[in-house]
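# Fold and geometry: a report
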Amino acid sequence: ITVYKSPSCGCCVGYVAELEKFGFDVEVISSNNIASIKQEKSIPRNMESCHTSVIGDYFIEGHVPIEVVKKLLNEKPTIDGIALPNMPAGSPGMPGIKSGKFVIYSITNGISEIYTEV
């Protein structure tokens, strides 16, 4: 999995650590222009977070829980990727306490819909 992040982002480092903890081989690419990867993947602005990961043909936007990443890879749906918008407290790599369900969206051709809630 390749994680595209800003050089100064600390929470992205936490997300990478979570991926590695669950056995993913992670390549980190630091860039001052991660907006270009979001544009390339047609990630809507309201679905954006601080980093974008790519694994196979899928993107994973933001601090998506690892169990949802595994669900994506096991189910192999016909979508472009998944997103957990913003940077919710208590999500992998983010400090704080989770307060309610995380809503993860699937995105296909720039159109989002609910994929799952955890």
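One can find the structure itself at the top, above this paragraph.
Bear in mind that the values here come from a model prediction, so they are computed numbers and not experimental data. (Residues numbered from 1 in each chain as written. Predicted model: local features only at pLDDT ≥ 70, side-chain atom pairs only at ≥ 80, totals over all residues. Heavy atoms only, no water.)

### Remarks on the sheet that holds strand E1 (residues 2–5)
Where we set the bar: Being paired, for any two strands, means DSSP has found at least two bridges between them. Going along the chain from the N terminus, every DSSP run of H or I of four or more residues is numbered as a helix, and every run of E of two or more is numbered as a strand. The convention used is that axes are lines fitted to C-alpha atoms, helices contributing only their stretch in contact, and that angles between N-to-C directions extend from 0 to 180 degrees. Throughout, a contact is declared for two residues whenever any of their heavy atoms are within 4.5 Å.
Taken in spatial order, the seven strands line up as E2-E1-E3-E4-E5-E6-E7 in an open sheet, and their pairing is mixed. The open sheet has two edge strands, strand E2 (27–30) and strand E7 (111–117), and neither has a second partner. Geometrically, the sheet is characterised by an average inter-axis angle of 25° between neighbouring strands, direction not taken into account. By the bridge criterion, three bridges tie strand E5 (residues 81–84) to strand E6 (residues 103–108) in an arrangement that is antiparallel. The partner of Ala83 across the bridge, within E6, is Tyr105. Docked against the sheet, helix H1 (residues 10–21) engages E1, E2, strand E3 (52–55) and strand E4 (58–62), running at close to 170° with respect to E1. In this fold helix H3 (residues 66–75) packs onto E3, E4, E5, E6 and E7, with an angle of close to 110° to the strand it touches most, E7.

### A closer look at the pairing of E5
Threshold: Burial status follows relative accessibility: with a 1.4 Å probe on protein chains alone, a residue under 20% of its type maximum counts as buried, one over 50% as exposed, and anything between as partly exposed. Here a crossover is taken to be right-handed if, once the strands point away from the viewer, the path from the first strand over the helix to the second is traced clockwise.
Side chains Gly81 and Ala83 of E5 all project onto a buried face; the interleaved residues Ile82 and Leu84 project onto the opposite face, where all are buried too. In this view, the connection linking E4 to its parallel neighbour E5 by way of H3 has left-handed handedness.

### Some details on the packing of aromatic side chains
Definition in use: Ring geometry is summarised as follows: Phe, Tyr and Trp rings, the Trp one being its six-membered ring, pair when their centres sit within 6.5 Å, and such pairs are stacked at plane angles under 30 degrees, edge-to-face over 60 and tilted between the two. A ring is scored as having a charge over it whenever the NZ atom of a lysine or the CZ atom of an arginine sits within 6 Å of its centre and within 35 degrees of its normal.
Taken as a whole, this structure holds zero aromatic pairs when the rule is applied. The ring centre of Tyr115 lies 5.3 Å from the NZ or CZ of Lys71, which sits over that ring. Over the face of the ring belonging to Phe102 we find Lys98, whose NZ or CZ atom lies 4.7 Å from the ring centre.

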